[in-house]
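Geometric and topological summary
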Amino acid sequence: MSYRDLYIQELNNCLLENVAPDCSMKEAFDLTSTDISCYISQLIIGDYAAFTAVYSAPEVLNAFATAYAGFDVTDDVRDEIIGDFLNLINGKFAVALSNSRSVECTLSVPEFTLIDKVKLHESSYVIPVEFSFGIVNFIFSE
């Protein structure tokens, strides 16, 4: 199983358990540009490095944060809650890497990333996930 496949598996499990049991993960595709808005990102660093992020329309990100938090989310706390979700999925991924491959990693602090400051790795993918409130896109770049 590739690192990307392991990440997608962990992402799917986290989404089903913590956000919406009826969400539907679509096929991942190559990311060729970063013309994206509402972008919250986090780095995985250590023996293995990756860039991860979440993007969608602002109203969809608000609904995602509300579904994850379990309470109505306002714009001023949305990014913090989505950052918490990135900590969850990336932490589970880091533990899976450690347990299954003896690869040790840590996580950066989640941040709002301006498009012109994004530095993708060689292989970058978008993983679209459909919810009742819209599609949220996850980026995995290694």
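A short tour of the structure in this document, coming up. In this text, all values refer to a predicted model and were calculated from it rather than measured experimentally. Residue numbering note: each chain is counted from 1, following its sequence as written. The predicted nature of this model means local features are confined to residues of pLDDT at least 70 and side-chain atom pairs, given and counted, to a pLDDT of 80 or more, with totals for whole chains, interfaces and linings taken over all residues. Excluding hydrogens and water, the side-chain values take into account all heavy atoms of the structure.

Topic: the overall build of the protein
Here a strand is any run of E in DSSP of at least two residues, a helix any run of H or I of at least four, and the numbering for each starts at the N terminus. The secondary structure content of the protein amounts to 3 helices and 8 strands. Its helices and strands taken in sequence order, the protein reads α-β-β-β-β-α-α-β-β-β-β from the N to the C terminus. For the radius of gyration, the atoms used are the C-alpha atoms, and the globule rule reads 2.2 Å times the number of residues raised to 0.38. In terms of overall dimensions, the protein is globule-like: its C-alpha atoms have a radius of gyration of 14 Å, near the 14 Å expected for 142 residues. If you line up the protein on its principal axes, its C-alpha atoms span 40 × 35 × 25 Å. Within the protein, the fraction of its 142 residues that count as buried is 44%. Contacts in the protein between residues at least 24 apart in sequence constitute 65% of all its contacts with a sequence separation of at least 6. Relative accessible area decides the class of each residue, using a 1.4 Å probe on protein chains only: under 20% of the type maximum gives buried, over 50% gives exposed, and in between gives partly exposed. Residue contacts are counted whenever heavy atoms from the two residues lie within 4.5 Å of one another.

Things to note about the packing of helix H1 (residues 3-18) against helix H3 (residues 75-101)
Between the N-to-C directions of two axes lies an angle of 0 to 180 degrees, each axis being a line fitted to C-alpha atoms and, for a helix, fitted only over the stretch in contact. Packing of H1 against H3 leaves a shortest axis separation of 9 Å and a crossing angle of 135°. As far as their axial angle goes, H3 and H1 are oblique. Like other packed secondary-structure pairs, H1 and H3 cross with a definite hand, here right-handed. Of the residues in H3, those in contact with Tyr3, Leu6, Tyr7, Glu10, Leu11, Cys14, Leu15, Glu17 and Asn18 of H1 are Phe85, Leu88, Ile89, Asn90, Lys92, Phe93, Ala96, Leu97, Ser100 and Arg101. Polarity classes work like this: nonpolar for Ala, Val, Leu, Ile, Met, Phe, Trp, Tyr, Cys and Pro, charged for Asp, Glu, Lys and Arg, and polar for all others, with Gly in that last group. Tallied by class, residues from the contact of H1 with H3 come to 12 nonpolar, 3 polar and 4 charged. Roughly parallel covers angles under 35 degrees, roughly antiparallel covers those over 145, roughly perpendicular covers 65 to 115, and oblique covers all other angles. Should the near helix be turned anticlockwise from the far one by less than a right angle, the crossing is left-handed, and should it be turned clockwise, the crossing is right-handed.

Some thoughts on the pattern of salt bridges
Oppositely charged side chains can form a pair if their charged atoms are brought close together. The term salt bridge refers to a side-chain nitrogen of Lys or Arg lying within 4 Å of a carboxyl oxygen of Asp or Glu. Under the criterion given, the structure shown has 3 salt bridges. Put simply, Asp5 and Arg4 hold a salt bridge, and the shortest N to O gap is 3.8 Å. In this structure, Arg78 engages Asp79 in a salt bridge whose closest nitrogen and oxygen atoms are separated by 3.0 Å. Using a relative accessible area of 10% as the deciding quantity, one classes Arg78 as buried.

Brief notes about the pairing of strand S4 (residues 50-55)
Of all the 6 residues making up S4, 6 are buried; the element is thus mostly covered by neighbouring parts of the structure. As judged from the 6 bridges shared by strand S3 (residues 39-46) and S4, these two strands associate in the antiparallel manner. Bridged to Gln42 within S4 is Thr52. Bridge count between S4 and strand S8 (residues 134-141): 5 bridges; the pairing is antiparallel. Its bridge partner being in S8, Val54 is matched across the sheet by Phe138. Note on pairing: DSSP must find at least two bridges between two strands before they are called paired.

Digging into H1
One fewer than the residue count of a helix, multiplied by 1.5 Å, yields its expected span. For H1, spanning 16 residues, the distance from its first C-alpha to its last is 22 Å, which sits close to the expected 22 Å at 1.5 Å a residue. Those residues of H1 that are buried lie in contact with strand S1 (24-25), S4, helix H2 (58-69), H3, strand S7 (124-131) and S8.

Describing the packing of H2 against H3
The contact between H2 and H3 brings their axes to 9 Å, and the two run at 60°. Here H2 lies oblique to H3, going by the angle between them. The chirality of how H2 crosses H3 is left-handed. Contacts between H2 and H3 pair Pro58, Leu61, Asn62, Phe64, Ala65, Tyr68 and Ala69 from the former with Asp75, Arg78, Ile81, Ile82, Asp84, Phe85 and Leu88 from the latter. Residue composition of the contact of H2 with H3, grouped by class: 10 nonpolar, 1 polar and 3 charged.

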